[in-house]
Amino acid sequence: MSILGNILWFIFGGFFSGLGWCISGILWCITIIGIPYGMQCFKFASLAFMPFGKDVEYGGGVVSLVANIIWIIFFGIPMALHNFLWGCIWCITIVGIPFGIQFFKIAKLSLMPFGSKIV
């Protein structure tokens, strides 16, 4: 399922989503202050291109906690709500449940990207 799911995901929006995250990461990395946020954008891009078969491990220390709090206030809540709503819409049908689960995974990562790893 992961190969077919990734192919369908990539064709029907994953390419543009991942490309958008890559462009955002490049723009954030232009400034020295934005580099940590740009690196998180690249993390989202790797998940946005092909999310099936990947998992997110959370961890980190105090620095990650502070960065995640700043992220949640400015970016995390709207991103998480957006992905959560899309996940709910996809889960209306049985066929869409695997895609909805991927949106839920991205929504969770949207809240706490610092200190997390995509495996």
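Residues numbered from 1 in each chain as written. Predicted model: local features only at pLDDT ≥ 70, side-chain atom pairs only at ≥ 80, totals over all residues. Heavy atoms only, no water.

Caption draft 1: The overall build of the protein chain, seen in detail. Secondary structure summary: the protein chain contains four helices and two strands in total. Tracing the protein chain from N to C terminus, the helices and strands come up as α-α-β-α-α-β. Taken against the 2.2 N^0.38 rule, which gives 14 Å for 119 residues, the C-alpha radius of gyration of the protein chain at 14 Å falls within 12% of a compact globule. Taken along its principal axes, the extent of the C-alpha atoms in the protein chain is 45 × 25 × 25 Å. For the protein chain, the proportion of contacts with a sequence separation of at least 24, taken over those separated by at least 6, is 72%. About 7200 Å² of surface is accessible on the protein chain, with carbon and sulfur atoms providing 82% of the total. (Helix = DSSP H or I, 4+ residues; strand = E, 2+ residues; numbered from the N terminus. Rg over C-alpha atoms; globule rule 2.2 N^0.38 Å. Contact = heavy atoms within 4.5 Å. Areas by Shrake-Rupley, 256 points an atom, 1.4 Å probe, with all protein chains shown as cover.)

Caption draft 2: Broad picture of the packing of aromatic side chains. All chains considered together, the criterion is met by 19 aromatic pairs. With centroids separated by 5.0 Å and ring planes inclined at 50°, the aromatic side chains of Trp-9 and Phe-103 adopt a geometry described as tilted. On the criterion of sequence distance, the pair formed by Trp-9 in helix H1 (residues 2-29) and Phe-103 in helix H4 (residues 97-111) is long-range, its members being 94 residues apart. Relative accessible area serves as the criterion here: at 15%, Phe-103 is assigned to the buried category. A ring pair is formed by Trp-28 and Phe-75, whose centres lie 5.8 Å apart and whose planes are at 90°; its orientation type is edge-to-face. Separated by 47 residues along the polypeptide, Trp-28 in helix H1 and Phe-75 in helix H3 (residues 62-90) bring together distant segments of the chain. (Phe/Tyr/Trp six-rings, centres within 6.5 Å; stacked < 30°, edge-to-face > 60°. Buried < 20%, exposed > 50% of the residue type's maximum accessible area, 1.4 Å probe, protein only.)

Caption draft 3: Representation of a nonpolar patch on the surface in the model. A contiguous nonpolar surface patch, about 780 Å² in accessible area, is contributed by Phe-10, Phe-15, Phe-16, Leu-19, Ile-23, Leu-27, Ile-30 and Met-50. Take Leu-19: it is sitting in helix H1. With relative accessibility at 35%, the residue Leu-19 sits in the partly exposed group. (Patch = residues over 30% accessible without salt bridge, like charges linked within 9 Å, V, L, I, M, F, W, Y side chains within 5 Å. Salt bridge = Lys/Arg side-chain N within 4 Å of Asp/Glu carboxyl O.)

Caption draft 4: Local environment of the side chain of Gln-40. Examined against the element boundaries, Gln-40 turns out to sit in helix H2 (residues 35-49). With residues near it in sequence (within four places) discarded, Gln-40 still touches Trp-71, Pro-113 and Phe-114.

Caption draft 5: View of the environment of Gly-76. The residue Gly-76 is located in helix H3 in this model. What makes Gly-76 buried here is its relative accessible area of 0%. Put simply, Gly-76 and Phe-103 are 27 residues apart on the chain and 14 Å apart in space, counted from C-alpha to C-alpha. Once residues within four sequence positions are removed from consideration, Gly-76 is found in contact with Trp-71, Ser-110 and Leu-111.

Caption draft 6: How the structure looks around the nonpolar core. Trp-9, Phe-44, Leu-47, Trp-71, Leu-109 and Phe-114 are the most contacted members of the largest nonpolar core, which totals 14 residues. Element by element, the count of residues in this core is highest for H4, at four residues. Contact partners of Leu-109, with chain neighbours within four places excluded, come to Lys-43, Phe-44, Leu-47, Val-56, Tyr-58, Ser-116 and Ile-118. (Core = buried A, V, L, I, M, F, W, Y, C linked by side-chain atoms within 4.5 Å.)

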